[in-house]
Amino acid sequence: HIWDLKFRYNNIKNANSIVERYEFTESGSYTSQTFNEAVSSEAKKLSETSSTQLESGTSYGPISASLTSSFQTSKEVSNLLEQTTREQKEETNSYTRSASRNYTVGPKSMLVLYQRVFKAPGITVREEVFRAEPEPLSQEELEEEVPINLVLAQKKFIKGFRIVYSDQPSDAPADRIREWFKGSDDINDTFGGKYVWMVPETTTDVSQALTGFDLFIQGNNDPRYSDLAAGAGGSYRYLVPVKQSHSNMYISEVTLVRSKEDILSSLSDLIWNDLPTGYTNDINKGRGGGYLYLVWKLQRAYPV
């Protein structure tokens, strides 16, 4: 915390009290990426310099952040800490509010007004907390370190999937990839053939995590992959995992999305809005019926 000087009013030569009106700004900004990078860096230092056991090659992220209970903080700071740990946005988010206050300066006295500013990696909050003093604060009083209590957890990523075929809908795996709008999660729905479900496989090892999927629709069978249209006839449909070595954004969640019309251009706004995402082209392309997409959410990884 920093006590930022707002004004100094000298009423020493006046035998009467005066009222000073101060227009102030309350504001806040946060960048989740910066905060998460700092947390990851501290986690890595912790694993190297203490007895704390952190699994090598995994990525740890904050699931909660709060100031020590002995320090009275503002609601605005608490809210930004919560938002920063919850979101994965790369852009800076901010807000600004203006208000005013009246301060009475007594006769033959001085009033020095400070506003409290909270600063952490990627976070700045100019709080609605003020401190009125009869004289300027010392350099030691202007700044105060406040520990942030963090709860970290290993991040899970998608390393692949397995295809489950069946002749019975009751065989649907409990952990299959679901359809976002609660529609059918059978890839072959309305096309006949086998019931086809996708089951994600997860890992905490960043080196195994995927960065995307490629969709291939072709006339020839490829025994390396499982056909998403098994038994339905027509083209073979394959999803091929992608792992780009230069990327640090990895798949953390997946979902299917069905639609009666082409919504490819608006998927990023409909699913996990404002968060990094990726998606395939229409899995049903060329066989009629509705549109079907595989959509995934991306999270940045900071392996220790």
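The residue numbers shown here count from 1 along each chain, following its written sequence. The predicted nature of this model means local features are confined to residues of pLDDT at least 70 and side-chain atom pairs, given and counted, to a pLDDT of 80 or more, with totals for whole chains, interfaces and linings taken over all residues. Based on all heavy atoms of the structure, the side-chain values leave hydrogens and waters out of the count.

**Focus: the sheet that holds strand β12 (residues 249–259)**
Line of reasoning, step 1. Overall, antiparallel pairing links the three strands, which are arranged β12-β14-β13 in an open sheet. The outermost strands of the open sheet, each flanked by one partner alone, are β12 and β13 (277–279). On average, each strand axis in the sheet is tilted by 25 degrees relative to the strand beside it, whichever way the strands run.
Line of reasoning, step 2. Here β13 pairs with strand β14 (residues 291–300) via three bridges, running antiparallel. Counted as the bridge partner of threonine 277 is lysine 297 from β14. In this description, strands pair whenever DSSP reports at least two bridges between them. Per the convention used, a helix needs a DSSP run of H or I reaching at least four residues, while a strand needs a run of E reaching at least two, with both numbered from the N terminus. Orientation is described by axes fitted as lines to C-alpha atoms, over the contacting stretch for helices, and by angles from 0 to 180 degrees between their N-to-C directions.

**So, the layout of surface pockets**
Line of reasoning, step 1. Think of a 1 Å grid over just the protein atoms. A cavity is a set of points where a 1.4 Å probe fits yet cannot get out, a pocket is an open set with protein on both sides within 12 Å along at least five of seven lines, and lining residues have an atom within 4 Å of a point. Grid points are joined across faces, edges and corners, and a volume is the space filled by probe spheres set on the points. Size it by volume and the largest pocket reaches roughly 380 Å³.
Line of reasoning, step 2. Lining the largest pocket are 19 residues; nearest its centre among them are Val39, Glu42, Pro121, Ile148 and Leu150.
Line of reasoning, step 3. Contributing elements (two or more residues each) for the lining of the largest pocket: α1 (32–49), β5 (109–120) and β7 (148–154).
Line of reasoning, step 4. Per-element tally for the lining of the largest pocket: the top contributor is α1, with seven residues.
Line of reasoning, step 5. Each residue is assigned to one class: nonpolar for Ala, Val, Leu, Ile, Met, Phe, Trp, Tyr, Cys and Pro, charged for Asp, Glu, Lys and Arg, and polar for all the others, Gly among them. Its residues assigned to classes, the lining of the largest pocket shows 13 nonpolar, one polar and five charged.

Any functional reading would require information beyond the geometric quantities listed.
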